[in-house]
Amino acid sequence: MNHQPETFADQVRAIPGGEHLEMCYSCGTCVSKCLIQQKVEPEYNPRRLLRMVMMDMREEAFQSPTTWLCSACDLCYPACPQQIHISGVIGAIKQLAIEAGYESPLETVTVDESLCSGCGICVLACPYEAPHLVEKEIAGEMDRVSEVDANKCMGCGICVAACPLGAIARKGVSNEEIVRQIKVKRQKKGVPRLVTFVCDWCLRADDDVSLLESYPDNVRVIHIPCSGRIDPQMALLALRSGIDGVLVCGCAPGECHYKRGTYVSSCKITLLNRMFEQMSIGDGRVRFVQIGTQDRGRIRREVDAMLEYLAAWKEAR
Amino acid sequence: MAESNTKPKFAFYWAASCGGCEITVTELGMRLVDAGDLVDIVFWPCAMDFKYEDVEAMADGEIDFCFFNGAIRTSENEDLAKLLRRKSKVLVAFGSCAHEGCIPGLANLYDAESILERVYNTVPSLDESRGTRPVPLSKVPEGEIHIPSFYDQVKTLAQTVDVDYFMPGCPPVVDQVWNVFQLILSGQLPPKGSVIGADAKTNCDVCPRQKVQSGMRIKEFKRPHEVELDPDLCFLAQGVICYGPATRAGCGLPCIQGNMPCRGCYGPPEGVVDQGAKLLSAIAALIDTDEPEELQSIMDSIVDLVGTCYRFSLADSILSELKYKKR
């Protein structure tokens, strides 16, 4: 085989995932589905990126935020009338960009090599195959530690939660930074204190997002990149500090921005509640809700229901 | 024993424990004879004939160092913990029971009443229930009989008295016992509250088994007896929950060398508050499915969740704290 791909589009098509490139007729349905365009980066536009490839605009495509910000949540995939697996095409473009020397602009995780024991939990936890184990010299000795490919890491923090000894951190949402936020002011008797962890992606409606700013000080809202970032120790620390309840909000199944974070979180909170039951303290004070992109107004109902439940729980004590 | 006055005074006591900690000390073998030359053993009820009155008669701080093994389960355990704290300059929580509650701590899954009911009335091995129960005070024609009272909650030593150092392990491995013994005699002690006789990282750091590769996740958790275990491959890669990722290194991996997963007795690594919650967080991240029903069945395959995640650390966990918090 000595045939060399000639155009940029040929190169993209040659990479698994990039095959369906030219099926795109630029309708823009993908853009209307995309949360990144709405929440983070107005310039984000898969339709335009695919067009750039067709038009051989190599450097522009490599510099486009679309190439780097797509987390393969695949909300656009079932909506595409041409059934193009758009994240696969974007992944192919990203691979070429990395080969051409471009780097991801995203905030990614870092490993503290002096702590990392090389257990490989992060390797299995990551939805993007970003961490891998390497043998390297640390403080004069060969050691096996985790190394994260910054171009693959999407910064979801699932590995940060999974790491059993807190050796992984992401700026802004390290263990210390989150635990520091788990505080709710003392309230008048009977007023429940609630900590709500909200995934940055599960709320689509602006009303729902702005609602989070308007809660009184008995409800502490902590923003996290993904519900998979939560580890059960955080919920336990909250309850230990005297906070009455913990509500974790993540994406609906199949809509998780980081593919598997909502499943991981659902497992953790379910298992934690099973532990509470086994300890005869199963009182429903830690909840996980999965909010879909169509569930406008759901967050208000969930928080209200939780507060009502906690008020009754306090009353009954 | 007149010449012994210049030697450091050493005490070794057991509270709610199995006796394994005493056995690990006797495993010192000939080094125990050396130890006998280095210290003056002033209290070791398992091996030598001392009475509680002998300890009470000592001046406060007279004992140079005390290894206290066992959890705090009865009023007697608590009384002796307080007495030995008062009489000892350095108090070491020796072994997993004193450190974090260990197997006796699993009793925190229940309460005192249900345990006594089970043991004295309903276990199948009882011929017939006589309805007797141990009570702290019994009046008999000859007078009163006092026995220790049985608490509702199993506590660790540090939940009961101020502890200077923690030595993990169920039991601590013998070489680490000797290391700690020499460390204390050398006087080169780390800051108060430190874990001694163990490493800072986790068992995975020293485990020689082949690690898991990316792309491999878990569809079913199996217990060690349900699977023929590959002696060279990481247990987690075989779907068997291994406590190695969440357990402090220092034991030398006897279980893993015996082709059994780490059970977690060396406690959490530096910086972890709740060992079970961190293990739970790690294993939940390995579950591989996006089907709600399959998700349930994978979670169901973890038998005895609390016992699995908190096998040695339940008494020291936030779970126990929440259960027994004064309401």
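Residues numbered from 1 in each chain as written. Chains lettered and ligands numbered in written order. Predicted model: local features only at pLDDT ≥ 70, side-chain atom pairs only at ≥ 80, totals over all residues.

S.K.: A description of the overall build of chain A should follow, citing residues and the corresponding values.
M.R.: Across its full length, chain A holds 14 helices and eight strands. Over its C-alpha atoms chain A spans a radius of gyration of 22 Å, differing by no more than 12% from the 20 Å that the globule rule assigns to 317 residues. The C-alpha extent of chain A, read off along each of the three principal axes, is 75 × 55 × 30 Å. A total of 317 residues make up chain A; the buried ones form 47% of that total. (Helix = DSSP H or I, 4+ residues; strand = E, 2+ residues; numbered from the N terminus. Rg over C-alpha atoms; globule rule 2.2 N^0.38 Å. Buried ≥ 20, exposed ≤ 12 C-beta atoms within 10 Å, placed from the backbone.)

S.K.: Requested: an account of the interface of chain B and chain A, with residues and values cited.
M.R.: Each partner contributes residues to the interface: chain B has 40 residues there, and chain A has 38 residues. Secondary-structure elements contributing two or more residues to the side of chain B that touches chain A are helix H10 (275-284), helix H11 (292-300), helix H12 (305-309) and helix H13 (318-324) of chain B. Split into classes, the residues belonging to the side of chain B that touches chain A amount to 25 nonpolar, five polar and 10 charged. (Contact = placed C-beta atoms within 7 Å. Nonpolar A, V, L, I, M, F, W, Y, C, P; charged D, E, K, R; others polar.)

S.K.: Mind laying out the sheet that holds strand S5 (residues 194-199) of chain A, listing which residues take part and the relevant values?
M.R.: Residue and element names in this part refer to chain A. What the four strands build is an open sheet, ordered S6-S5-S7-S8; its pairing is parallel. Looking at the sheet topology across the chains shown, the edges are occupied by strand S6 (219-224) and strand S8 (286-291). Averaged over all neighbouring strand pairs, the angle between strand axes comes to 20 degrees, with direction disregarded. Judged from the six bridges that link them, S5 and S6 form a sheet pairing that is parallel. By the bridge assignment for S6, Leu 194 is matched with Val 219. (Pairing = 2+ DSSP bridges. Axes fitted to C-alpha atoms, helices over the stretch in contact; angles between N-to-C directions.)

S.K.: How would you summarise the nonpolar core if you had to cite specific residues and measurements?
M.R.: Core analysis: the biggest nonpolar cluster contains 183 residues, and Ile 158 of chain A together with Phe 68 of chain B have the highest contact counts within it. Take this core: its biggest share by element is eight residues, from helix H13 (residues 261-278) of chain A. Aside from chain neighbours lying at most four places away, what touches Phe 68 of chain B is Tyr 13, Ala 15, Ala 81, Leu 84, Leu 91, Val 92, Ala 93, Phe 94, Ala 98 and Leu 157 of chain B. (Core = buried A, V, L, I, M, F, W, Y, C linked by C-beta atoms within 7 Å.)

S.K.: Residue-level account of the sheet that holds strand S1 (residues 9-14) of chain B, with values.
M.R.: Residue and element names in this part refer to chain B. Ordered by their spatial adjacency, five strands build an open sheet running S2-S1-S3-S5-S9, and the pairing between neighbours is parallel. Strands with a single pairing partner mark the edges of an open sheet, and in this sheet they are strand S2 (40-43) and strand S9 (165-167). On average, each strand axis in the sheet is inclined to that of its neighbour by 30 degrees, with strand direction left out of account. Sheet topology note: the strand S3 (residues 63-69)/strand S5 (residues 88-94) ladder contains five bridges and is parallel. Residue pairing across strands places Phe 67 opposite Val 92, the latter belonging to S5.

S.K.: I'd like to hear about the domain arrangement of chain B, residue by residue, with values.
M.R.: Residue and element names in this part refer to chain B. For chain B, the assigned domains are domain 1 (2-104 + 152-186), domain 2 (110-150) and domain 3 (203-324). The C-alpha centroid of domain 3 is placed 30 Å from the C-alpha centroid of domain 1. Listed per partner, the contact involves 15 residues of domain 1 and 13 residues of domain 3. Contributing elements (two or more residues each) for the side of domain 1 that touches domain 3: helix H5 (96-100) and strand S8 (150-155). Considering only residue class, the side of domain 1 that touches domain 3 consists of six nonpolar, seven polar and two charged. (Domains from an automatic or database assignment.)

S.K.: Can you explain the environment of Arg 240 of chain A? Please cite residues and give values.
M.R.: Structurally, the position occupied by Arg 240 of chain A is in helix H12 (residues 232-240). Take Arg 240 of chain A: there are 16 C-beta atoms within 10 Å of it, and that puts it in the partly exposed class. Each C-alpha atom, one on Arg 240 of chain A and one on Ser 266 of chain A, is 21 Å from the other, the two residues being 26 residues apart in sequence. Residues within four places of Arg 240 of chain A in sequence aside, it is in contact with Ile 318, Glu 321 and Leu 322 of chain B.

S.K.: Please set out unusual backbone geometry residue by residue, giving values where relevant.
M.R.: Of note, the amide linkage connecting Cys 170 of chain B to Pro 171 of chain B takes the cis form, showing an omega dihedral of -15 degrees. Tracing the backbone shows Pro 171 of chain B in the loop between S9 and helix H8 (174-186). You will see that Ala 139 of chain A, though not glycine, has its phi angle at about 50 degrees, which is positive. Mapped onto the fold, Ala 139 of chain A is located in the loop between strand S2 (131-138) and strand S3 (141-148). When the 7 C-beta atoms within 10 Å are taken as the criterion, Ala 139 of chain A is described as exposed.

S.K.: Residue-level account of the domain arrangement of chain A, with values.
M.R.: Residues and elements named next belong to chain A. Under the domain assignment used here, chain A contains domain 1 (8-99), domain 2 (109-156 + 165-170) and domain 3 (172-316). With centres defined by C-alpha atoms, the gap from domain 1 to domain 3 works out at 34 Å. In this complex, domain 1 contributes five residues to the contact, which on the side of domain 3 involves eight residues. Partitioned by chemical class, the residues of the side of domain 1 that touches domain 3 number four nonpolar, one polar and no charged.

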